[in-house]
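Coordinate inspection notes
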Amino acid sequence: MTVHLDTGAESRWLRRYQSAVPGTPRLVCFPHAGGSATQYVPLSQALAPAVDTLAVQYPGHQDRYGEPCVEDLARLADDICAVLMRGPGPPLALFGHSMGAVLAWEVASRLERTAGPGSVTHLFVSGRRAPSCVRAENVHRLDDAALITRIRRLGGTAPALVANQQMLRLILPVLRSDYTAVETHRPDPGLRLTCPLVALTGDRDPMVTSEEARRWTTHTTGPAELRVFSGGHFFPEDHIQEIAALISASLLPAPYGVRNAPPVSAR
């Protein structure tokens, strides 16, 4: 697989896996806890070349393993916002899954505050309860055995990796740092964006109730909707084409869209 890296200061943070037509809408994607930019390769393939997809690579993850992880989500959002302002620049659409949804929302608020309304064209938040749904979480305090049990139950991590002790020694500290960042973060429950917002959730997600997902629609003054897909916490893995069709329909004028994409299977 060829990885197309941006040049300049943003090259450490952003990954581009597919080329896109110049001037197309840009979508910045935020991985889940323990995840990396490569999880968005299938989505970028489904959207190319009509949407320019960029994936964020967090410090300490994958090819940035030599850097310390950031355990302060607000600081991480500040750093990413600064990179986006220096690099691709607004207007941008944002997509985040799980921890990435919280981070995308925080980055969106910073972009709107810095560059004004319209700097974020759309926000897609997936697999995470709304900021106004406060719930205590202490996954980052679990011992290694309990943490391994949790990631096995949720899925999203290849079983071969979980069974490999050497890989686990690399994965667990990163995962624990990410959980620390998202679980100790205290978002502003009264914050409202102005951009259109689409919340995505799985109908069998053990981490998010349908009401917690629906509450995202109250966090913007712009148009907002909830889309429910079949599946658990990592439902996007089974719905790449449908999610790409949803994003494409949101970002591109008719009749453009994902090639031969089926209708969005949400209810």
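Structure report, in brief. (Residues numbered from 1 in each chain as written. Predicted model: local features only at pLDDT ≥ 70, side-chain atom pairs only at ≥ 80, totals over all residues. Heavy atoms only, no water.)

1. Section: the overall build of the protein chain
Applicable threshold: The way it works is that DSSP assigns letters per residue, a run of H or I at least four long becomes a helix, a run of E at least two long becomes a strand, and they are numbered from the N terminus. For each residue, the accessible area found with a 1.4 Å probe, counting protein chains only, is set against the maximum for its type, and the residue is called buried under 20%, exposed over 50%, and partly exposed in between. Whether two residues touch is decided by their heavy atoms; if any such pair falls within 4.5 Å, the residues are in contact. To be clear on the numbers: accessible area is Shrake-Rupley with a 1.4 Å probe, and residue cover counts the displayed protein chains and nothing else.
A tally of helices and strands in the protein chain yields 8 helices and 8 strands. Split into buried and exposed, the 267 residues of the protein chain put 52% on the buried side. Restricting the contact set of the protein chain to residue pairs at least 6 apart, pairs at least 24 apart contribute 77%. Counting only carbon and sulfur atoms, one obtains 54% of the accessible surface of the protein chain, whose full area is about 11,700 Å².

2. Some words on the pairing of strand E5 (residues 92–97)
Just so we agree on the cut-off: Paired strands, in this sense, are two strands between which DSSP finds at least two bridges.
The buried fraction of E5 is high, at 6 of 6 residues. Burial along E5 is two-sided: Leu 92, Leu 94 and Gly 96 facing one way and Ala 93, Phe 95 and His 97 facing the other are all buried. Across 4 bridges, the pairing between strand E3 (residues 26–30) and E5 is parallel. Opposite Phe 30, over in E5, you have Gly 96 as the bridge partner. Here E5 runs beside strand E6 (residues 120–126); their pairing, made up of 6 bridges, is parallel. Residue pairing for E6: Leu 94 is matched across the bridge by Leu 123.

3. Quick word on the nonpolar core
Inclusion rule: Only buried Ala, Val, Leu, Ile, Met, Phe, Trp, Tyr and Cys residues count toward a nonpolar core, and they belong to the same one when joined by side-chain atoms within 4.5 Å.
Grouped together as the largest cluster of nonpolar side chains are 46 residues, with contacts concentrated most on Phe 30, Ile 80, Leu 94 and Leu 123. Top contributing element to this core by residue count: helix H3 (residues 99–115), with 9 residues. Once you skip the residues sitting within four places of it in the chain, Phe 30 turns out to touch Tyr 40, Val 56, Tyr 58, Ile 80, Leu 94, Phe 95, Gly 96, His 97, Gly 100, Leu 103, Ala 104 and Val 107. The next biggest cluster of nonpolar side chains, apart from the first, holds 24 residues, and it includes Tyr 40, Ala 46, Leu 200 and Leu 251.

4. Some words on the environment of Glu 67
The topology assignment puts Glu 67 in the loop between strand E4 (52–56) and helix H2 (73–86). Exposure remark for Glu 67: the relative accessible area of 26% places this residue in the partly exposed category. Every residue in contact with Glu 67, bar those within four places of it in the chain, is listed here: Arg 12, Pro 59 and Gly 60.

5. Re the pattern of salt bridges
We count it as follows: Each reported salt bridge corresponds to a side-chain nitrogen of Lys or Arg within 4 Å of a carboxyl oxygen of Asp or Glu.
One pass over the full model with this rule turns up 10 salt bridges. We note a salt bridge from Arg 75 to Asp 79, for which the minimum N-O separation is 4.0 Å. Of this pair, Arg 75 and Asp 79 both sit in helix H2, separated by 4 residues, roughly a single helical turn. Residue classification places Arg 75 among the partly exposed residues on the basis of a relative accessible area of 45%. Within the structure, one salt-bridge network assembled from shared partners comprises Arg 12, Arg 64 and Glu 67.

6. Re the environment of Glu 242
Summarising the element assignment, Glu 242 is placed in helix H8 (residues 240–251). With a relative accessible area of 14%, Glu 242 lands in the buried category. The spacing of Glu 242 and Ala 46 is 196 residues in sequence and 9.7 Å in space, taken between C-alpha atoms.

7. Details of the environment of Pro 131
Tracing the backbone shows Pro 131 in the loop between E6 and helix H4 (144–154). Given the relative accessible area of 9%, Pro 131 is considered buried. Distance in space between the C-alpha atoms of Pro 131 and His 219 is 8.2 Å, their sequence separation being 88 residues. Those residues within four positions of Pro 131 in sequence are excluded, and the remaining contacts are Trp 105, Pro 187, Pro 189, Trp 216 and His 219.

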